[in-house]
Amino acid sequence: QVGDLEVCVSEAFSNAVEYGLPNNTDGTITVSAQLRNRYSLTLVVRDNGKGFDNINQAMQPMFSTGGSAHSGMGFTIMESFSNKLTVKSKPGAGTVVTMHFDYRPVIKEGMTVWLSGDSADLGITDYNVRVGSAAKVVRPPNKSDKKVLVTIDTIDGDSNVTTYVKRSTLRF
């Protein structure tokens, strides 16, 4: 997953240098990242270069203004690796490329997870189990499942409980 981010930033940065600020033109390229709710990342590459007016054409696979030495696949690559790609540009005002990534961990059988939230959220109020406890996944959920079957050691350590907990209460 990190490799996907590297490729996307590299493509967006290269486009900014080669097309936004061509011929060693002075300018600014800013790369920023914002992480939200642990699993959602937004990357923004912004330049104050020459910009362009036909975004739809620029995003077409194989389109390039750089001649035969360039594949014209930069935006296609960014679009394929990110969950959402937005490009805004205006001639003379630069370009902003925004990429959104959603990285939800895959829950697998035998995986150790930690319980978060309060006991009511977890649905474990009847058991001798505390928030923050480690749990082992017994059965991974399907995409539509909102609960995961886990085994949790009890506070006294003498036994364990197998129960369903909300997927949203698990931390990895």
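One can find the structure itself at the top, above this paragraph.
In this report, the structure presented in the accompanying data block is examined. (Residues numbered from 1 in each chain as written. Predicted model: local features only at pLDDT ≥ 70, side-chain atom pairs only at ≥ 80, totals over all residues. Heavy atoms only, no water.)

1. Overview of the nonpolar core
Thought 1: By size, the foremost hydrophobic cluster in this structure holds 16 residues, and its most contacted members are Phe75, Met78, Leu85, Val97, Met99 and Phe101.
Thought 2: Elements with a minimum of two residues in this core: helix H1 (2–20), strand E2 (40–47), helix H3 (74–81), strand E3 (84–90) and strand E4 (94–102).
Thought 3: If we skip the residues at most four places from it in the chain, Leu85 touches Met59, Phe75, Met78, Glu79, Val97, Thr98 and Met99.
Thought 4: If you look at the next biggest cluster of nonpolar residues, it comprises 10 residues, including Val113, Ala135, Ile152 and Val165. (Core = buried A, V, L, I, M, F, W, Y, C linked by side-chain atoms within 4.5 Å. Buried < 20%, exposed > 50% of the residue type's maximum accessible area, 1.4 Å probe, protein only. Helix = DSSP H or I, 4+ residues; strand = E, 2+ residues; numbered from the N terminus. Contact = heavy atoms within 4.5 Å.)

2. A look at a nonpolar patch on the surface
Thought 1: Together, Phe13, Val17 and Val31 make up a nonpolar patch on the protein surface, roughly 230 Å² of accessible area in all.
Thought 2: Tracing the backbone through its elements, the reader meets Val31 in strand E1 (residues 29–36).
Thought 3: With relative accessibility at 41%, the residue Val31 sits in the partly exposed group. (Patch = residues over 30% accessible without salt bridge, like charges linked within 9 Å, V, L, I, M, F, W, Y side chains within 5 Å. Areas by Shrake-Rupley, 256 points an atom, 1.4 Å probe, with all protein chains shown as cover. Salt bridge = Lys/Arg side-chain N within 4 Å of Asp/Glu carboxyl O.)

3. Let's talk about the sheet that holds E3
The pairing of strands in a sheet comes from backbone hydrogen bonds and takes either a parallel or an antiparallel form.
Thought 1: The strand order across the open sheet built from four strands is E1-E2-E4-E3, with neighbouring strands paired in antiparallel fashion. The sheet is open, and its two borders are formed by E1 and E3, each paired with just one other strand. Neighbour-to-neighbour, the strand axes of this sheet turn through a mean angle of 10°, independent of strand direction.
Thought 2: In terms of strand pairing, E1 meets E2 through eight bridges, oriented antiparallel. Bridging across to E2, Thr30 finds its partner in Arg46.
Thought 3: Strands in contact with H1 are E1, E2 and E4; relative to E2, the strand with the most contacts, it is inclined by about 15°. (Pairing = 2+ DSSP bridges. Axes fitted to C-alpha atoms, helices over the stretch in contact; angles between N-to-C directions.)

4. Examining the pairing of strand E8 (residues 160–166)
Thought 1: Side chains Val161, Thr163 and Val165 of E8 all project onto a buried face; the interleaved residues Asn160, Thr162, Tyr164 and Lys166 project onto a face where none is buried.
Thought 2: With seven bridges connecting them, strand E7 (residues 147–153) and E8 associate as antiparallel partners. Note that in E8 the partner of Leu149 across the bridge is Tyr164.

5. Some points on the pairing of strand E6 (residues 134–139)
Thought 1: In this sheet, E6 lies alongside strand E5 (residues 112–115) in antiparallel orientation, the contact comprising three bridges. If you follow Trp114 over to E6, its bridge partner there is Ala134.
Thought 2: Here E6 runs beside E7; their pairing, made up of four bridges, is antiparallel. Considered in E7, the bridge of Val137 is made with Val150.

6. Quick notes on the packing of H1 against H3
Thought 1: At a minimum axis distance of 9 Å, the contact between H1 and H3 shows a crossing angle of 150°. If you check the angle between H1 and H3, you find them roughly antiparallel. Crossing angle aside, the handedness with which H1 passes H3 is left-handed. Of H3, the residues touching H1 (which contributes Asp4, Val7, Cys8, Glu11, Ala12 and Asn15) are Gly74, Phe75, Ile77, Met78 and Phe81.
Thought 2: Looking at the contact of H1 with H3, its residues break down into seven nonpolar, two polar and two charged. (Parallel < 35°, antiparallel > 145°, perpendicular 65-115°, else oblique. Left-handed = near helix turned anticlockwise from the far one by under 90°. Nonpolar A, V, L, I, M, F, W, Y, C, P; charged D, E, K, R; others polar.)

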